[in-house]
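Observations on chain architecture
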Amino acid sequence: WVLAERGEIHRTLGRYDQAISDFCRAIEIQPGYTWAIGHRAIAYREQQRYDEAIADLDLAISLDGAQAWLYAERGEARRLMGHLDEAIDDLSHALELDPNYAWAFGSRGAARRSLEQLDDALADFARAIEIDDTYVWAIMQRGTLHRSQKRYDEALADFSRVIELRPGHSTALAERGEIHRLHRRYDEAVADFSRAIAENPAYAWAIGSRGQAYRALGRYGEATEDLSRAHELKPDEAWIIAERGETYRLMRRYEEAIADLTRAIEINPRDSWALSRRGAAYQSLKIFEEAYIDLTHAVEIDPHNAWAWAQRGSLFRQM
């Protein structure tokens, strides 16, 4: 058991190869050592060696089929492999064995979310949090699900709870910042994005999103600086390039705007937003034919793009 305990210390410290080595030695000495087999499976899973993890968990369950955590771990490995129905079966069995297993509820909620079983997913996350109201992962999962459903007040409450529990949680800070930005609370958005970036200086999404908030505040220099930095980190992210292009357009730097927007459209040819902004840049340069082509294409792709319709109307008046 000493080797297995040392292996578990290695695992919790992220030293997975050393952990697996210790678990293997422990299992050689005691071949039916279920705890060591199960924890070696966890180390395999954390290395994304899912087949080996499941093989270990199959063995452990064959030795002791009454342990809820073994079914939950196999369910999580299957979830990460995309075998969602099998994952839900394992996690449900774990919950039959232990009805108060918060981790299993959280994992099953994530599997159900991937299957678009959103009400069931929310119910699982809620039950996990009811059992353990400090379960940060489940609170984050529920918050992102709320945000995807545009239930912003609920999402805001969840992200704020995560930040209360872990003040340096960069993802929760950025997610809360995005909700503030969407609701035009730009100063609060900038504050949250800045905290997220302080925790994770290479967080391209937070940097780009802060750039959007700066632009909305009319702080164009800071916006272009952030968007350029985000672009360096993620050079093929079309939205970052397009957002910088729009910032250049608002600064009346039309050639730079068109260059960025063109690059974004090359990456995503059906980006109605980028097409409409490039059309507006062409219009400002009085290149009316190109403006008309872009604005028309934008509304063909997205007939609900009211900004593009209005811009094309102003183009007709100008022509």
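Thresholds, definitions, all that
Residues numbered from 1 in each chain as written. Predicted model: local features only at pLDDT ≥ 70, side-chain atom pairs only at ≥ 80, totals over all residues. Heavy atoms only, no water. Helix = DSSP H or I, 4+ residues; strand = E, 2+ residues; numbered from the N terminus. Rg over C-alpha atoms; globule rule 2.2 N^0.38 Å. Buried < 20%, exposed > 50% of the residue type's maximum accessible area, 1.4 Å probe, protein only. Contact = heavy atoms within 4.5 Å. Areas by Shrake-Rupley, 256 points an atom, 1.4 Å probe, with all protein chains shown as cover. Core = buried A, V, L, I, M, F, W, Y, C linked by side-chain atoms within 4.5 Å. Axes fitted to C-alpha atoms, helices over the stretch in contact; angles between N-to-C directions. Parallel < 35°, antiparallel > 145°, perpendicular 65-115°, else oblique. Left-handed = near helix turned anticlockwise from the far one by under 90°. Nonpolar A, V, L, I, M, F, W, Y, C, P; charged D, E, K, R; others polar.

So, the overall build of the protein chain
Per the secondary structure count, the protein chain includes 19 helices and zero strands. The C-alpha atoms of the protein chain give a radius of gyration of 25 Å, which is well past the 20 Å a tight globule of 319 residues would have. Expressed as lengths along the three principal axes of its C-alpha atoms, the size of the protein chain is roughly 85 × 35 × 35 Å. In the protein chain, which comprises 319 residues, the proportion classed as buried is 51%. Expressed as a percentage of contacts within the protein chain between residues at least 6 apart in sequence, the contacts between residues at least 24 apart total 46%. Carbon and sulfur atoms make up 47% of the accessible area of the protein chain, which amounts to about 15,400 Å² in all.

Focus: the nonpolar core
One finds A36, Y101, A104 and A206 to be the most contacted residues of the largest nonpolar core, which totals 59 residues. The greatest single-element share of this core, amounting to six residues, is contributed by helix α3 (residues 34-46). Excluding its chain neighbours within four sequence positions, the residues that come into contact with Y101 are A68, W69, A72, L95 and I131.

Here we look at the packing of helix α1 (residues 2-12) against helix α2 (residues 16-29)
Direction vectors running N to C along α1 and α2 enclose 165 degrees, while the axes themselves pass 8 Å from each other. Taken together, the axes of α1 and α2 lie roughly antiparallel to each other. The handedness of the crossing between α1 and α2 is left-handed. Residue-level inspection shows L3, A4, R6, G7, E8, H10 and R11 of α1 in contact with α2, the latter providing Y16, Q18, A19, D22, F23, R25, A26 and I29. Of the residues assigned to the contact of α1 with α2, the class counts are seven nonpolar, three polar and five charged.

All we've got here are geometric facts, nothing functional implied.
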